[in-house]
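Geometric and topological summary
Residue strings, one per chain:
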Amino acid sequence: MTRSLLVAPQWIGDAVMSQPLLAALAARGETLTVAALPWVAPVYRAMPEVAAVVDLPFAHGRLDLKARWRLGRGWAGQFERAYVLPNSIKAALLPWFAGIPERVGYQGEGRPLLLNRRRPNPAEARPPMVAFYRALAEAPDAPALPPDAVPDPLLHLPPERVRKVLTGLGLTRRGYWAMAPGAEYGPAKCWPASHYATLARTLHRQSGQPVVLLGSGKEAAMAQGIADEAGAGVQVLAGRTTLDEAMALVAGARGLVSNDSGLMHVGAAFGLPQVAVFGSTSPEHTPPLNARAEVIWLRDELGLDCAPCFQRVCPLGHTRCLAEVAPPRVETALLQRVAAAERELDHPVAGLRVVR
């Protein structure tokens, strides 16, 4: 069996979208060790294809050249092949320092020496990411598979792990709603907090089930504001869980509402009924690949020539692409997706994952 090292991307959503690549590599007999930053590593621990995960000791955005050299040299002789998913030079240094014979990745910038099996950069500035990663399993000159030929990402958590997390918070499986109102990239990806509050209040009033707000510590204040406005039945967990726990909370929820974010992709990979509200980014680039997902994006409906702008903050100052998505519309879409998924519990549909 080929011993392979995979250098992971630094974003949660990108990590999820790389899973079909890992599945393809494992299926042909490669034993996979993933080197990932600590805030991404839990995603790979939820992939059965991965034999081992190494938490990288590097700071975000820093070269840490000496530390990379020491770590790479410590891996000398351990791997026959490496896959470098980020396009940066620093991501390609570890396999080079380790002397791994075959080093695979996209050309990127300045990497001819560091990578010796390079795929050409795609013609599209922002290609469908799952197919982009999956293409690294093919020969450098082989055409990439079309996006619809690449399987959807899948994650797995042991049911007892999910149960333990939920029990510790007084929750039961499919007995609560999950919302992820933040987005690491910036506010131009975020549905208004007041809309989340309106939806949370309505869901709790109509179902009697609590709503949990998930996210990072940076999003805790926003989540608290949503909870204060929504009133009873809303629990703020943003900044109060590990990523492992947040993933378990997503996996166990009745349904998920989010922006285009890492937790959106986590929900999709667990097959959760979900609604994803897109604004400055494009569902053609990073959609939630899940038959139970509903995407709401107003570019065509409102004739927004500015979308997608891929900016952190709306350059026009109005964020109409998000503000004009009314809470009742998201509620209707979510309840329809949940009802369809719950019917599958008794009558499973081929090709869909049943949420239990």
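Preceding block: the structure.
I will try to describe carefully the structure that is included in this document. Every value quoted in this text rests on a predicted model; they were computed, and no experiment measured them.

What counts, and where the lines are drawn
- Residue numbers here run from 1 along each chain, matching the order of that chain's written sequence.
- Side-chain atom pairs in this predicted model are given and counted only at pLDDT of 80 or more, local residue features only at pLDDT of at least 70, and totals for whole chains, interfaces and linings cover all residues.
- As a convention, hydrogens and water are excluded, and side-chain values are obtained from all of the structure's heavy atoms.
- Strand pairing is assigned whenever DSSP identifies at least 2 bridges connecting the two strands.
- A run of DSSP states H or I qualifies as a helix once it reaches four residues; a run of E qualifies as a strand once it reaches two. Both are numbered from the N-terminal end.
- Lines fitted to the C-alpha atoms define the axes, with helices restricted to the stretch that makes contact. Angles between their N-to-C directions range from 0 to 180 degrees.
- Every residue pair with non-hydrogen atoms within 4.5 Å of one another is taken to be in contact.
- Partly exposed residues are those whose accessible area sits between 20% and 50% of the maximum for their type, while under 20% is buried and over 50% is exposed, using a 1.4 Å probe and protein chains only.

**A short note on the sheet that holds strand β3 (residues 50–55)**
Ordered in space as β3-β2-β1-β4-β5-β6, the 6 strands form an open sheet in which the pairing is parallel. Each end of this open sheet is capped by a strand with a single partner; those strands are β3 and β6 (117–119). Here the average twist between neighbouring strands, direction ignored, is 20 degrees. The strands touched by helix α2 (residues 19–27) within the sheet are β1 (2–7), β2 (30–36), β3 and β4 (81–84), with β2 carrying the most contacts at an inclination of about 150 degrees. Against the sheet, helix α5 (residues 89–97) makes contact with β1, β4 and β5 (102–106), and its axis sits at roughly 175 degrees relative to β4, the strand it touches most.

**Points about the side chain of serine 261**
Tracing the sequence through the fold places serine 261 in the loop between β10 (255–259) and α11 (262–269). Residue contacts for serine 261: discarding those within four places in its chain leaves Gly182 and Ala183.

**So, the sheet that holds strand β8 (residues 211–213)**
One open sheet accounts for 6 strands, arranged β9-β8-β7-β10-β11-β12; its pairing is parallel. At either margin of the open sheet sits one strand with a lone partner, and together these are β9 (234–236) and β12 (293–296). Neighbouring strand axes in the sheet, compared pairwise and without regard to direction, differ in orientation by 15 degrees on average. Bridge count for strand β11 (residues 274–277) against β12 is 4 bridges, and the pairing is parallel. By the bridge assignment for β12, valine 275 is matched with glutamate 294.

**Re the side chain of glutamate 30**
Structurally, glutamate 30 can be placed in strand β2. The exposure class of glutamate 30 is buried, given its relative accessible area of 4%. Beyond its immediate stretch of four places on either side in the chain, glutamate 30 contacts Thr2, Ser4, Leu25, Arg81 and Tyr83.

Everything listed here is a matter of coordinates, which is why it stays silent on function.
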